Protein chains: 2
Amino acid sequence: MAKEKRVEQITDMEVDFAQWFTDVCRKAQLIDYSAIKGVFIYRPYGYAIWENIRNVLDAAFKKVGVENVYMPMLIPESLLQKEKDHVEGFAPECAWVTMGGSEQLEERYCIRPTSETLFCDHFKNVIQSHRDLPMKYNQWCSVLRWEKTSRPFLRHREFLWQEGHTMHATAEEAEAFTQQMLNIYADFCENVLAMPVTRGRKTDKEKFNGAEATYTIECMMHDRKALQAGTSHYFGDGFAKAFEIEYTDQNNRKVNPFQTSWGVSTRLIGGIIMTHGDNNGLVLPPKIAPTQVIVLPIAQHKPGVTEAAAAIAARLEKAGLRVRLDSSEQSMGWKCAEYEMKGVPLRVECGPRDIENGQCVLVRRNDGEKTVCALEDLEGTVMAQLQAVHDGMYAKAKANLDSHIYEAHSLQEAKELQERNGGFVKTMWCGSEECERKMKEVAGMSSRCIPFAQERLDERCPICGRHADTMIYWGVAY
Amino acid sequence: MAKEKRVEQITDMEVDFAQWFTDVCRKAQLIDYSAIKGVFIYRPYGYAIWENIRNVLDAAFKKVGVENVYMPMLIPESLLQKEKDHVEGFAPECAWVTMGGSEQLEERYCIRPTSETLFCDHFKNVIQSHRDLPMKYNQWCSVLRWEKTSRPFLRHREFLWQEGHTMHATAEEAEAFTQQMLNIYADFCENVLAMPVTRGRKTDKEKFNGAEATYTIECMMHDRKALQAGTSHYFGDGFAKAFEIEYTDQNNRKVNPFQTSWGVSTRLIGGIIMTHGDNNGLVLPPKIAPTQVIVLPIAQHKPGVTEAAAAIAARLEKAGLRVRLDSSEQSMGWKCAEYEMKGVPLRVECGPRDIENGQCVLVRRNDGEKTVCALEDLEGTVMAQLQAVHDGMYAKAKANLDSHIYEAHSLQEAKELQERNGGFVKTMWCGSEECERKMKEVAGMSSRCIPFAQERLDERCPICGRHADTMIYWGVAY
């Protein structure tokens, strides 16, 4: 008989949210520390979540004509330097390769912090004619940024992501595609991860190094801090000019194409944890949960129970669900705690009395709601309950977001609202970087985004008093 | 109307096989050169082949209980040095990171050439009890080996691969699993890539650095050179001891587990090209071809033709096939040459007369064989023809392999057979590294493998004349 072990306690989220987060990452076996500070190991359960995210997003990308490629991980320093704003932003965070085997390299190479320069160097070779456009590429890879601080999923020196890079014949088409990709991310977050988002544009101060415009989706975590969950950048023809990428247009003229890039990373997993998790651990959105349904036999030593549970698991698997049966010797209490910690969306319990009555019991992870399910309706009821889990998770997160957006008309009011409530504080804004810095200094908030859905709160910028046409969200961000 | 461009010529394989190979890699748009010597870009068509290989293999791995993880790309030098044989083999080929941002690192890190050391460092943390075993992990990633020479797919400084790493309670179980994985690779090559293999063991000289035994699958290319297509290693408990990995067994004793690792890489794509390709370009195995069927309308300006072709494509797509319709303005000649170059296994042609007769014409890429197909039997006939393409490709490659295995009874005979015919030369072997080196010096051949299927050719080693129990294959390898 296997020894019983209790699921270890995690810190209460109300007591210490940061410690709760780290505890969940470790106890749900999502991640482990490596020999290098700030570099993490994605364990099977954490990586399986990323695989599911990747599979759904990849299909959405391919639907809009995006093709996957794989570019080198190393960037020669001279290539990184071709676009001035870009290198200024990234060089301080680069890890540099200076030796190959026992030889000093003539030029040092950085491990990609992002791959605009590599894609541009390739685009220069493969784009000749307007018939080659649009060219829509993406890659799934890891990137490296040598940052000082780190936290699981939120800030790694090395992290997994996807980066899309596209080239278009016109500025209009590139602009439209930038926004299309942002909307794909936003829909994915809401419909797949049950994470409501605010869609908007970044200020010049916060935009990507080298971009003309950066669009963002901003989410609100359970502790009311903001998380930037995905970004999409419009580059104009700045990189194309720096890299001398030209195509022959329909009038036989040589012109520069227009560019976009867009990415999401394993940071999304951090967002899932902090949006949906509770004091029993992870709560996973059904659509990306590695195990969607856990089937547990009750009093499994009694005749027929394990077989009945196995039959249920087999039926659900046949219906296309990701199912596991746990008929191990661990106690029911241990199993329930374990699969709650792992955030499995739905638990199916099946004991001798259930079998007699031709039923089983479904328990939802997000709210503990129990449903008695007639075995003849098994597949349909389970599907409906999984949808109910998703809907319940989304509704709860949406309520958290909606009830923590505050309106301020002075710097002082903004500061007090943030200190009292967290969340997003919305104000008018004159558009100056000076006021943006002041908000950070005084109220500790950075600009999150200029929402697409604009409102007119006031006539003036509450920071400098000048005329203001723009409504902006501020917050404290991860 | 788009300008017509002709598919560019490629070198004849009989004239210059190496140049033919490079031409195919470029003209079929599989790969491009990057800014760094020896580092290549996987273009969409090349990467799509890899994605299909990955999807099939990944499912086979998961079926035997393997879980995916992602380990860091950087290895601290001190970690790499823990296993003596291992570091000796890999250190000369490592690329070293010595700077993070603007700071010199205290310890330099190498970019993983392979990840045994990283996995061991992690296993030490996560393996405690016999209940944690077996632990079967795999990762899909890129690795870096700073080699002097390079060729597309065959030898990159950075290449994509998968590396499996497992830990087992007993030596027997680990040994058996090592061979199970080799058989998964072998079956994959034969049943999916239509590449016949020879299964066997590597000599001590050729085995992996730090392994007790390395098993290999060896393929024969069209030019009769050998390609090592995949390897599987048994480590015993050597790494476990070096890294102090211990578990508590059922008798409550602390013992070391036993280890395996196994990998295949994008080298397989090189193998596909050189096994199946011809003077018209690539010939892709149907099961991993990004486009399995290309549908071409003939005389597409005539009423109903494009619609009929589109209907065919739609039906085949619905049947689960990867299909493309090309109704562009390019000429039929251009299109045929283009999709032959890209190795699309089956071409469907459909013109006005076909429509009248309720039929279409299927043309096989591998042998040019044409079949008239009644539209009512479309899906079944296309599936059968794709299977026929696979079978035809396998039969041709198997005939090439079988007819170029030669038997030698003296060093001189081995040398002459290789010079005259290429292929594998099989001899008895005494087991000494000295004789192995002599074969290389005199006949230019390295040992490929000690086949599992042994034969007794002779009583003596043809190199030294001593008693010999082992039959071995020699060859010139990529």
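Residues numbered from 1 in each chain as written. Chains lettered and ligands numbered in written order. Predicted model: local features only at pLDDT ≥ 70, side-chain atom pairs only at ≥ 80, totals over all residues. Heavy atoms only, no water.

**Q** Mind showing me how you'd approach the overall build of chain A here?
**A** Within chain A one finds 14 helices and 23 strands. A compact globule built from 478 residues would reach a C-alpha radius of gyration of about 23 Å, and chain A, at 25 Å, matches this within 12%. C-alpha extents for chain A along the principal axes are approximately 80 × 55 × 50 Å. For chain A, buried positions account for 60% of its 478 residues. A separation threshold of at least 6 residues defines the contact pool for chain A, and within that pool the share at least 24 residues apart is 68%. (Helix = DSSP H or I, 4+ residues; strand = E, 2+ residues; numbered from the N terminus. Rg over C-alpha atoms; globule rule 2.2 N^0.38 Å. Buried < 20%, exposed > 50% of the residue type's maximum accessible area, 1.4 Å probe, protein only. Contact = heavy atoms within 4.5 Å.)

**Q** Before we go on, may I ask you to explain the nonpolar core in this structure?
**A** Nonpolar side chains tend to gather and get buried jointly when the protein is soluble and globular. If you look at the biggest cluster of nonpolar residues, it comprises 163 residues, and the most contacted ones within it are Ile-53 of chain A together with Ile-53 of chain B. Excluding anything up to four places from it in sequence, Ile-53 of chain B contacts Phe-188, Leu-193, Leu-268, Ile-269, Ile-272 and Ile-288 of chain B. (Core = buried A, V, L, I, M, F, W, Y, C linked by side-chain atoms within 4.5 Å.)

**Q** Would you mind showing me how to read the pattern of salt bridges here?
**A** If charged atoms from side chains of opposite charge come close, those side chains can pair. For the structure shown, the criterion picks out 60 salt bridges over all chains. Here Asp-204 of chain A ties to Lys-207 of chain A by a salt bridge, and the two come within 3.6 Å at their closest N and O atoms. Residue Asp-204 of chain A is classed as exposed on the basis of its relative accessible area, which comes to 55%. Lys-415 of chain B serves as the salt-bridge partner of Glu-419 of chain B, at 3.0 Å between the closest nitrogen and oxygen. With Glu-419 of chain B and Lys-415 of chain B both in helix α13 (residues 411–421) and four residues apart, the pair spans about one turn of that helix. Overall, the relative accessible area of 57% leaves Glu-419 of chain B in the exposed class. The class for Lys-415 of chain B is partly exposed, based on a relative accessible area of 22%. (Salt bridge = Lys/Arg side-chain N within 4 Å of Asp/Glu carboxyl O.)

**Q** Explain the state of the cysteines here, please?
**A** Throughout this description, disulfide means a covalent bond between two cysteine sulfur atoms. Taken as a whole, this structure holds zero disulfides over all chains when the rule is applied. Considering cysteine sulfurs only, Cys-141 of chain B is the nearest to Cys-141 of chain A, which forms no disulfide, with 12 Å between them. You can call Cys-141 of chain A buried: its relative accessible area is 7%. Cysteine Cys-464 of chain A remains unbridged, with the sulfur of Cys-435 of chain A as its closest cysteine sulfur at 3.6 Å. (Disulfide = S-S within 2.5 Å.)

**Q** Before we go on, may I ask you to explain the interface of chain B and chain A in this structure?
**A** One widely used convention gives an interface's size as the accessible area the parts lose upon coming together. With 55 residues of chain B in contact, the opposing surface of chain A contributes 54 residues. For the pair chain B and chain A, the two sides together bury roughly 4,400 Å², of which 61% comes from carbon and sulfur. For the chain B face of the interface with chain A, the top three residues by lost area are Pro-44, Tyr-70 and Met-73 of chain B, together amounting to 14%. Linking chain B with chain A are four salt bridges. The closest approach of N and O atoms between Glu-51 of chain B and Lys-62 of chain A, which form a salt bridge, is 3.3 Å. Applying the counting criterion to the chain B and chain A interface returns 23 residue pairs in polar contact (both at pLDDT 80 or more). Of the residues in the side of chain B that touches chain A, the class split is 33 nonpolar, eight polar and 14 charged. The sheet contact formed by strand β5 (residues 95–100) of chain A and strand β5 (residues 95–100) of chain B spans five bridges and is antiparallel. In the strand pairing of β5 of chain B, Met-99 of chain A is matched with Trp-96 of chain B. (Buried area = accessible area lost by both parts, 1.4 Å probe. Polar contact = N/O pair within 3.5 Å; in protein donor to acceptor, adjacent residues only side chain to side chain. Nonpolar A, V, L, I, M, F, W, Y, C, P; charged D, E, K, R; others polar. Pairing = 2+ DSSP bridges.)

**Q** Help me out: how do you make sense of the relation of the copies chain B and chain A in this one?
**A** For the pair of chain copies, the relating operation is a rotation around an axis with a shift along it. Once turned by 180 degrees and shifted 0.0 Å along the axis, chain B lies on chain A with an RMSD of 0.0 Å. Viewed as a symmetry operation, the transformation between the two copies matches a two-fold axis. By C-alpha distance to the rotation axis, the residue of chain B lying nearest is Val-97 of chain B, at 2.1 Å. When the interface residues of chain B are mapped onto chain A, 98% of them are again interface residues, pointing to one common binding face. (Least-squares fit on C-alpha atoms with pLDDT ≥ 70 in both.)

**Q** Would you take a moment to explain the environment of Ile-36 of chain B for this structure?
**A** Turning to its location among the elements, Ile-36 of chain B is positioned in the loop between β1 (31–33) and β2 (40–42). Judged by relative accessible area, Ile-36 of chain B falls into the buried class, the value being 3%. Distance from Ile-36 of chain B to Arg-157 of chain B, taken between C-alpha atoms, is 9.3 Å for residues 121 residues apart in sequence. Those residues in contact with Ile-36 of chain B that lie beyond four places of it in its chain are Leu-74, Pro-76 and Tyr-109 of chain A together with Trp-146 of chain B.

**Q** Help me understand helix α8 (residues 267–276) of chain B in this model?
**A** In terms of residue burial, α8 of chain B counts as a mostly covered element, since 10 of its 10 residues are buried. The complete set of buried residues in α8 of chain B reads Arg-267, Leu-268, Ile-269, Gly-270, Gly-271, Ile-272, Ile-273, Met-274, Thr-275 and His-276 of chain B.

**Q** Would you mind going over the sheet that holds β5 of chain A with me for this structure?
**A** Backbone-to-backbone hydrogen bonds pair the strands of a sheet. The strands run either parallel or antiparallel. Ordered by their spatial adjacency, six strands build an open sheet running β4(A)-β6(A)-β5(A)-β5(B)-β6(B)-β4(B), and the pairing between neighbours is antiparallel. At either margin of the open sheet sits one strand with a lone partner, and together these are β4 (74–76) of chain A together with β4 (74–76) of chain B. Between one strand and the next, the sheet's axes are offset by a mean angle of 45 degrees, whatever the strand orientation. The sheet contact formed by β5 of chain B and strand β6 (residues 103–111) of chain B spans four bridges and is antiparallel. Each residue of the ladder has a partner; that of Trp-96 of chain B, found in β6 of chain B, is Cys-110 of chain B. (Axes fitted to C-alpha atoms, helices over the stretch in contact; angles between N-to-C directions.)

**Q** Could you clarify how one ought to interpret the packing of aromatic side chains in this entry?
**A** Think of a pair of aromatic rings as described by two things: how far the centres are apart, and how the planes are tilted against each other in angle. According to the stated counting rule, one finds 38 aromatic pairs over all chains in the structure shown. A ring pair is formed by Trp-50 of chain B and Trp-140 of chain B, whose centres lie 5.8 Å apart and whose planes are at 70 degrees; its orientation type is edge-to-face. With a gap of 90 residues between them, Trp-50 of chain B in helix α2 (residues 44–63) and Trp-140 of chain B in strand β7 (residues 135–144) connect regions that are remote in the sequence. Pair check on accessibility: Trp-50 of chain B and Trp-140 of chain B agree, each one buried. When the ring of Phe-61 of chain B is compared with that of Trp-140 of chain B, the centres are 6.1 Å apart and the planes differ by 25 degrees; the resulting orientation is stacked. Here the residue Phe-61 of chain B occupies a position in helix α2, and Trp-140 of chain B occupies one in strand β7, the gap between them amounting to 79 residues. Of the two residues, Phe-61 of chain B and Trp-140 of chain B, both sit in the buried class. Clustering of aromatic rings is evident, with ring pairs tying together Trp-50, Phe-61, Trp-140, Phe-177, Tyr-185 and Trp-262 of chain A. Taking the ring centre of Trp-146 of chain A as reference, the NZ or CZ of Arg-157 of chain A above it sits at 4.1 Å. (Phe/Tyr/Trp six-rings, centres within 6.5 Å; stacked < 30°, edge-to-face > 60°. Lys NZ or Arg CZ within 6 Å of the ring centre and 35° of its normal.)

**Q** Can you walk me through empty space enclosed by the protein in this structure?
**A** It is the rolling of a water-molecule-sized probe over the atoms that shows where space remains empty. Summed over the entire model, instances satisfying the criterion amount to four cavities of 30 Å³ or more. What the largest cavity holds in volume is close to 320 Å³. Of all the secondary-structure elements, those providing two or more residues to the lining of the largest cavity are α2 (44–63), β7 (135–144) and β8 (158–168) of chain A together with α2, β7 and β8 (158–168) of chain B. Of the residues in the lining of the largest cavity, the class split is 16 nonpolar, two polar and four charged. (1 Å grid on protein atoms, 1.4 Å probe; cavity = no way out; pocket = protein on both sides within 12 Å on 5 of 7 lines; lining within 4 Å. Points joined across faces, edges and corners; volume = space filled by probe spheres on them.)

**Q** Whenever I open this one, the sheet that holds strand β19 (residues 370–374) of chain B confuses me. Can you help?
**A** All names here are of chain B. As summarised here, the arrangement of the five strands in space is β16-β15-β17-β18-β19, forming an open sheet in which the pairing is mixed. The strands lining the two open edges of the sheet, one partner per strand, are β16 (323–325) and β19. Recorded for the sheet is a direction-independent mean angle of 25 degrees between the axes of neighbouring strands. Pairing geometry for strand β15 (residues 293–297) and β16, over three bridges, is parallel. When the sheet's bridge partners are listed, Val-293 is paired in β16 with Val-323. Contacts from helix α9 (residues 305–318) reach β15, β16, β17 (346–350) and β18 (359–364) within the one sheet, and its direction differs from that of β15 by about 165 degrees. In the packing of helix α10 (residues 332–341) onto the sheet, the strands contacted are β15, β16 and β17, and the crossing angle to β15 comes to about 175 degrees.

**Q** Would you explain the confidence of the model for chain A in this entry?
**A** A low pLDDT score tells you not to read the predicted coordinates there in detail. Chain-level pLDDT for chain A is 96 on average; 98% of the residues reach the 70-or-more range. This model gives residues 1–5 of chain A a pLDDT under 50, and the stretch forms nine contacts once residues within four places in sequence are excluded. (pLDDT = per-residue confidence, 0-100.)

**Q** What is the right way to read the pairing of strand β10 (residues 213–220) of chain A from this model?
**A** All names here are of chain A. A large share of β10 lies buried, amounting to eight of its eight residues. Side-chain alternation along β10 places Ala-213, Tyr-215, Ile-217 and Cys-219 on one buried face and Thr-214, Thr-216, Glu-218 and Met-220 on a second face that is also buried. Where strand β9 (residues 198–201) meets β10, four bridges bridge the pair, whose relative direction is antiparallel. Counterpart to Arg-199 in the pairing with β10 is Ile-217. In the sheet, β10 pairs with strand β11 (residues 226–236) via eight bridges, with the strands oriented antiparallel. Directly across from Tyr-215, in β11, lies its bridge partner Ser-232.

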